[in-house]
Amino acid sequence: MPELPEVETVRRGLADHVERRIITSVDVLHPRSARRHVGGGADLVGRLTGTRVAGVHRRGKYLWLDMADSADSFPLVVHLGMSGQMLISPAGAEDHIHLRIRATLDDGNELRFVDQRTFGGWHVDEYVDTPDELGRWLPESIAHIAPDPFDPTFDAARVTAVIRSRHTKIKRALLDQTVISGVGNIYADEALWRSRVHGTRLTDGLSRAKVIDLLASVSDVMGDALVVGGTSFDSLYVNVNGESGYFERSLNAYGRAGEPCRRCGAIMRREQFMNRSSYFCPKCQRKR
């Protein structure tokens, strides 16, 4: 699943191409891509046709568009799932084999949702009753998600206290989107490697200084990934222009089992964790 750097790359591209644009028509080409929308595909078409994109936003790994017409405003939440792509294409361009939703814009371009595995989709949501501390209105389905490290409201001291108050494995805490959002398996492994912490260390056994250092590593590694457009292992993640990110060339932990650690030379290992794979250096990241 795309993590914060990949979703932020998509958000920035969408903001450049679709903000202030009017959706003139919508085609839902696969019912699963509208399954989260109450009323299904036909109702989604009716809700979006004729609306203007007022803004494109992200919290953690979650993306939404502020939509508005003369009578109403509402968020369009986009679930990228495992393989969802938001692409900008000129009208008349050849359809992708996995094209699921097409929204035609008033400038002659199309916003296309391509999703090979059909785990993702679009749905119209409602805003929460009250804005957050910065006056932002969040969709109801995203309001429970914690701020990510790039959010102005992110409080590293508070997150550190929350993490240390729990009795769980530190990697599990990093993956908990209600504690800190945007972090998935790749960037958790990378941040843990940078901070020399094994993912199975217990949160209440880590010092405050070590957790603060780890959170700084989370921010740094995702910031570095964002500069190069995120991580692409295959064609399932691309930006709005269909281009891949290049951070996989800079990965120090994830996917490097059997290779030498770039810091100490020990052979990197892979273990199962929460139905995922964890990659770590047995010398730099010792189990305690």
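Everything below is about the structure printed above this text.
Our subject in this report is the structure included herewith. (Residues numbered from 1 in each chain as written. Predicted model: local features only at pLDDT ≥ 70, side-chain atom pairs only at ≥ 80, totals over all residues. Heavy atoms only, no water.)

**Topic: the sheet that holds strand S8 (residues 121-124)**
Across a sheet, strands are paired by hydrogen bonds formed along the backbone, either parallel or antiparallel in direction.
Thinking step 1. Read from one edge of the open sheet, four strands run S2-S3-S4-S8, paired in antiparallel fashion. Since the sheet does not close on itself, it has two edges, and those belong to strand S2 (52-59) and S8, each with one partner. For this sheet, the mean inter-axis angle between neighbouring strands, taken without regard to orientation, is 25°.
Thinking step 2. Relative to strand S3 (residues 62-68), S2 runs antiparallel, the two sharing seven bridges. Bridged to His-57 within S3 is Trp-64.
Thinking step 3. Helix H1 (residues 4-18) contacts S2 and S3 of the sheet and is inclined by roughly 165° relative to S2.
Thinking step 4. Along the sheet, helix H2 (residues 40-48) contacts S3, strand S4 (73-79) and S8; its crossing angle with S8, the most-contacted strand, is approximately 65°. (Pairing = 2+ DSSP bridges. Helix = DSSP H or I, 4+ residues; strand = E, 2+ residues; numbered from the N terminus. Axes fitted to C-alpha atoms, helices over the stretch in contact; angles between N-to-C directions. Contact = heavy atoms within 4.5 Å.)

**Regarding the environment of Arg-20**
Thinking step 1. Tracing the backbone through its elements, the reader meets Arg-20 in the loop between H1 and strand S1 (23-28).
Thinking step 2. Separated by 47 residues in the primary sequence, Arg-20 and Met-67 place their C-alpha atoms 9.6 Å from one another.
Thinking step 3. Once residues within four sequence positions are removed from consideration, Arg-20 is found in contact with Arg-52 and Val-53.

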